[in-house]
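# Overview (structure and organization)
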Amino acid sequence: MSNLKVQVFADGADIKEMKQAYQNKEVDGFTTNPSLMKKAGVTDYKTFAEEVVKAIPDASISFEVFADDIETMAKEAEILKQYGENVFVKIPVVNTQGESMIPLIKQLSENDVKVNVTAVYTIEQVKEIVEVIKPGVETYVSVFAGRIADTGVDPLPLMKESEKVCHSKEGVKLLWASCRELFNVVQADEIGVDIITCPKDVVAKVPNIGRDVNELSVDTVQGFAKDIKASGLSIL
């Protein structure tokens, strides 16, 4: 990972896995979201956040608001930001009704709150976000490149354009969200993306970057042989 310019963040909410990744210096930061918290069985947000920040005091951590209206989101953001200096408050670019959260993002940025704007899919959204960010306030713009690719659309043109827009203002960083495979890390690095969030299976593969592919044929066949032996299957 030392040769990468892009920072690799772990995407998840399993506290044990987060602690392990931090202690082993596998990643540069962490992001969570409501779906990942549900999957990890988190039952108390406050306890979860306190435990995470205590265990990971000096790496970036993003906690997301739960509310669906600007007023309540603002109250939640005030609570979340207090958990630590390393905390970024995740705000969706729109709510469930499709209403823009740009006014809240502007308000929080003007108050020096570090925001991670999530669920971003278009260059228009990227431009709107960057326009309202207070210069110098560290901010992440999370473009869901992986989910865009899931629709059959190449996300690279959008990510390249987003890189230029985000880097036009001091403090704004572009985040490649919903990484699908290790090659996405290489792609993000090549086009100047600041951060990429990866699930644990992709994080585990990062050390493979730069490996000689000529070694892989033997490795692959050895893997098959191991599984043949373990399965007890035979042809003859």
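Residues numbered from 1 in each chain as written. Predicted model: local features only at pLDDT ≥ 70, side-chain atom pairs only at ≥ 80, totals over all residues. Heavy atoms only, no water.

### Observations concerning the pattern of salt bridges
A complete count under the given rule lists 12 salt bridges for this structure. Between lysine 106 and glutamate 110 there is a salt bridge, with its nearest N and O atoms 2.5 Å apart. Of this pair, lysine 106 and glutamate 110 both sit in helix α5 (residues 102-110), 4 residues apart, which is roughly one turn of the helix. Lysine 106 sits in the partly exposed class, given a relative accessible area of 36%. (Salt bridge = Lys/Arg side-chain N within 4 Å of Asp/Glu carboxyl O. Helix = DSSP H or I, 4+ residues; strand = E, 2+ residues; numbered from the N terminus. Buried < 20%, exposed > 50% of the residue type's maximum accessible area, 1.4 Å probe, protein only.)

### Observations concerning helix α3 (residues 45-55)
Among the residues of α3, those classed as buried are Tyr45, Phe48, Ala49, Val52 and Val53. All buried residues of α3 lie within an arc of 120 degrees about the axis, which places them on one face of the element. Those residues of α3 that are exposed and aimed more than 90 degrees away from the buried face are Lys46 and Lys54. Buried positions along α3 lie against α1 (15-23), α2 (34-40), β3 (60-64), α4 (70-81) and β4 (87-92). Its side-chain oxygen 3.0 Å from the backbone nitrogen of lysine 46, aspartate 44 forms the N-cap of α3. (Arc of directions from axis to C-beta. Contact = heavy atoms within 4.5 Å. Polar contact = N/O pair within 3.5 Å; in protein donor to acceptor, adjacent residues only side chain to side chain.)

### Some thoughts on the nonpolar core
Phe63, Ile91, Val126, Val143, Trp176, Val185 and Ile196 are the most contacted members of the largest nonpolar core, which has 69 residues in total. Discounting chain neighbours no more than four positions away, the residues touching isoleucine 196 are Val6, Gln7, Val8, Phe9, Trp176, Cys179, Asn184, Val185 and Ala188. By size, the runner-up hydrophobic cluster in this structure holds 7 residues, among which are Phe88, Tyr140, Leu175 and Ala177. (Core = buried A, V, L, I, M, F, W, Y, C linked by side-chain atoms within 4.5 Å.)

### Description of the side chain of lysine 90
Among the secondary structure elements, lysine 90 is positioned in strand β4. For lysine 90, a relative accessible area of 5% corresponds to the buried category. Only 3.0 Å separates the side chain of lysine 90 from the backbone oxygen of threonine 32, close enough to count as a polar contact. What lysine 90 contacts, discounting residues up to four positions off in sequence, is Thr32, Asn33, Ser62, Phe63, Glu64, Val65, Asn116 and Thr118.

### A closer look at the packing of aromatic side chains
For the structure shown, the criterion picks out 7 aromatic pairs. Residues phenylalanine 63 and tyrosine 83 carry aromatic rings whose centres are separated by 6.5 Å and whose planes lie at 80 degrees to one another, so their mutual orientation is edge-to-face. Of the two residues, phenylalanine 63 sits in strand β3 while tyrosine 83 sits in the loop between α4 and β4, which places them 20 residues apart along the sequence. Taking relative accessible area as the criterion, phenylalanine 63 reaches 0% and is therefore assigned buried. Taken together, the ring pairs in this structure connect Tyr45, Phe48, Phe63, Phe66 and Tyr83 into an aromatic cluster. (Phe/Tyr/Trp six-rings, centres within 6.5 Å; stacked < 30°, edge-to-face > 60°.)

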